[in-house]
Amino acid sequence: MSFPQTRLRRLRATRALRGLVRETRLEAADFVYPMFVAHGIDRREPIAEMPGVDHLSIAHAVEEAGEAAALGIPAVLLFGLPAAKDEEGSGAWDDEGIIQLATRAIKEAHPDLLVICDLCLCEYTSHGHCGVLRDGARGPGVDNDATLELLSRTAVSQARAGADIIAPSDMMDGRVGSIRTALDDEGFAETPIMSYSAKFASAFYGPFRIAADSAPAFGDRRGYQMDPANGDEAVREARLDVEEGADILIVKPALPYLDVIRRIKDDTALPVAAYNVSGEYSMLKAAAAAGYLDERTAVLEALTSIRRAGADIIITYHAKDAARWLQ
Ligand code: PBG
């Protein structure tokens, strides 16, 4: 007679058994691959803080997007480094801007690959904030409502360039509703909005801000990004985005906020995407380079955990590596 204590171990005996009872699966089809497209370069320029990630010319972005598609990754997320920056961030809604040109080129070469455009002004403003500034009682701050108009203009320009999904990452209040109305009015009622609903004011964006040249010139983003201490507030942010018409909700960063992913998934039942951000990527890269851990096992474990927490989609710089490892 067997002991009841063997109950759980019985199902771990072989690879086939473990596979049969596995609750969470990780596939290339879950991934979104972020890319940095830079104006005025004609070769790949490695980003030192993010080993394996480069600044890309448009031609290289097309090539990289093709590699992602060939690996079974369904979508890329584009960030642009524009020719010039100004107070308002006008490069963001230029129909011939870097994101618009890259989107058109990628869609032309790889029509089945989804192009998601990140929508924010911080890469385009001279001061690096995510909206236009106004002098307030406590010094210069972001003018929420004036920024909405510029974000909406940018969303329409991105959709016109062929973006399949618009992903606002600015965290202004009311932007999902404002962008939805603008898209609908311009004939893009079918274009989904993937909203960065719970975006925390996080130290893990450090490498990205160097890569995207978008660190704020003064102050910080705590006026519009969320306090890492707040989980209830994340649920409230998500509910507002749902009311305003968001189609997919993003939680960002991913690993320090797995509880938030689960809560938003359970509360909204919408598709949830987790953004495994630059700092999370660079940390694993650095530890692996130092020989402290095995990159492949660690990355697959981390990505599986993000799925187990409730994420349907994972935005990750590891997408191509992970897709290869999963083949
Ligand atoms: C733009 C934006 C940021 C990231 C994505 N969109 C940076 C920020 O808010 O400072 C971070 C992504 C990453 O760290 O990988 N607002």
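Report follows, based on the coordinates. In this text the structure is predicted, and so the values were computed from the model without any measurement.

### Remarks on the side chain of glutamate 295
- For glutamate 295, the position within the fold is in helix 10 (residues 295-308).
- Separated by 2.8 Å, the side chains of glutamate 295 and lysine 285 make a polar contact.
- Reaching out from glutamate 295, the side chain makes a polar contact with the side chain of histidine 318 at a distance of 3.4 Å.
- If we ignore the near neighbours within four places in the chain, the residues touching glutamate 295 are Lys285, Ala288, His318, Asp321 and Trp325.

### Let's talk about a nonpolar patch on the surface
- Side chains of Leu11, Leu20 and Val21 sit close together on the surface and give an oily, nonpolar patch of about 290 Å² of accessible area.
- Mapped onto the elements of the fold, leucine 20 is located in helix 1 (residues 15-20).
- What makes leucine 20 exposed here is its relative accessible area of 68%.

### Examining the packing of helix 2 (residues 58-70) against helix 3 (residues 98-109)
- Put simply, helix 2 and helix 3 touch, their axes get as near as 9 Å, and they point 45 degrees apart. If you check the angle between helix 2 and helix 3, you find them oblique. Our pair here, helix 2 against helix 3, has a crossing hand that is right-handed. On helix 3, the residues that touch Ile58, Ala61, Val62 and Ala65 of helix 2 are Ile98, Leu101, Ala102, Ala105, Ile106 and Ala109.

### A few points about helix 4 (residues 144-161)
- The end-to-end C-alpha distance of helix 4, which contains 18 residues, comes to 26 Å, matching closely the 26 Å that a straight helix rising 1.5 Å per residue would cover.
- For helix 4, the full list of buried residues reads Thr147, Leu148, Leu150, Leu151, Ser152, Thr154, Ala155, Val156, Ser157, Gln158, Ala159 and Ala161.
- Against the buried residues of helix 4 lie helix 3, strand 5 (114-119), strand 7 (139-142), strand 8 (165-168) and helix 5 (175-185).
- Two or three places before aspartate 145, at the start of helix 4, stands the capping residue aspartate 143, its side-chain oxygen 3.4 Å from that residue's backbone nitrogen.
- Positive backbone phi, at 115 degrees, marks glycine 162, one or two positions downstream of helix 4.

### Details of the nonpolar core
- Met35, Ile73, Val76, Leu78, Ile106 and Ile264 are the most contacted members of the largest nonpolar core, which totals 76 residues.
- At 6 residues, the largest contribution of residues to this core is made by helix 4.
- Discounting chain neighbours no more than four positions away, the residues touching isoleucine 264 are Ala198, Ala234, Val235, Ala238, Leu249, Val251, Ala269 and Val272.

### A word on the site of the ligand
- Taken together, 18 residues surround the ligand, and among them Lys199, Arg209, Lys252, Ser278 and Tyr317 come closest.
- One nitrogen or oxygen atom from the side chain of lysine 252 is found 3.2 Å from a nitrogen atom belonging to the ligand.
- Separating an oxygen atom of the ligand from a side-chain N or O atom of serine 278 is a distance of 2.7 Å.
- Residues that form the shell around the ligand fall into these classes: 10 nonpolar, 3 polar and 5 charged.

### Considerations on the pattern of salt bridges
- Taken as a whole, this structure holds 25 salt bridges when the rule is applied.
- When the shortest N-O distance is used, the salt bridge between arginine 222 and aspartate 220 registers 2.7 Å.
- Assessed through its relative accessible area of 35%, aspartate 220 is described here as partly exposed.
- A single network of salt bridges, built from pairs that share partners, joins Arg44, Asp54, Glu63, Glu64, Glu67 and Lys320.

### Concerning the pairing of strand 8
- Burial along strand 8 is two-sided: Ile165 and Ala167 facing one way and Ile166 and Pro168 facing the other are all buried.
- Of the strand pairs in this sheet, strand 5 and strand 8 are connected by 4 bridges, and their pairing is parallel. Bridge assignment links aspartate 118 to a residue of strand 8, and that residue is alanine 167.

### Comments concerning the packing of aromatic side chains
- This model, assessed by the stated rule, comprises 8 aromatic pairs.
- For the pair tyrosine 196 and tyrosine 275, a centre-to-centre distance of 6.1 Å together with 40 degrees between the ring planes defines the contact as tilted. Residue tyrosine 196 is located in strand 9 (residues 194-199), and its partner tyrosine 275 is located in strand 11 (residues 272-276); the two are separated by 79 residues in the primary sequence.
- Note on tyrosine 196: relative accessible area 0%, which makes it buried.
- With a relative accessible area of 2%, tyrosine 275 lands in the buried category.
- These aromatic residues form a ring-pair network of at least three members: Phe36, Phe79, Tyr196, Phe208, Tyr275, Tyr281 and Tyr317.

The rules behind each value
Residues numbered from 1 in each chain as written. Predicted model: local features only at pLDDT ≥ 70, side-chain atom pairs only at ≥ 80, totals over all residues. Heavy atoms only, no water. Helix = DSSP H or I, 4+ residues; strand = E, 2+ residues; numbered from the N terminus. Polar contact = N/O pair within 3.5 Å; in protein donor to acceptor, adjacent residues only side chain to side chain. Contact = heavy atoms within 4.5 Å. Patch = residues over 30% accessible without salt bridge, like charges linked within 9 Å, V, L, I, M, F, W, Y side chains within 5 Å. Areas by Shrake-Rupley, 256 points an atom, 1.4 Å probe, with all protein chains shown as cover. Salt bridge = Lys/Arg side-chain N within 4 Å of Asp/Glu carboxyl O. Buried < 20%, exposed > 50% of the residue type's maximum accessible area, 1.4 Å probe, protein only. Axes fitted to C-alpha atoms, helices over the stretch in contact; angles between N-to-C directions. Parallel < 35°, antiparallel > 145°, perpendicular 65-115°, else oblique. Left-handed = near helix turned anticlockwise from the far one by under 90°. Expected span 1.5 Å × (residues − 1). Core = buried A, V, L, I, M, F, W, Y, C linked by side-chain atoms within 4.5 Å. Near = heavy atom within 4 Å. Nonpolar A, V, L, I, M, F, W, Y, C, P; charged D, E, K, R; others polar. Pairing = 2+ DSSP bridges. Phe/Tyr/Trp six-rings, centres within 6.5 Å; stacked < 30°, edge-to-face > 60°.

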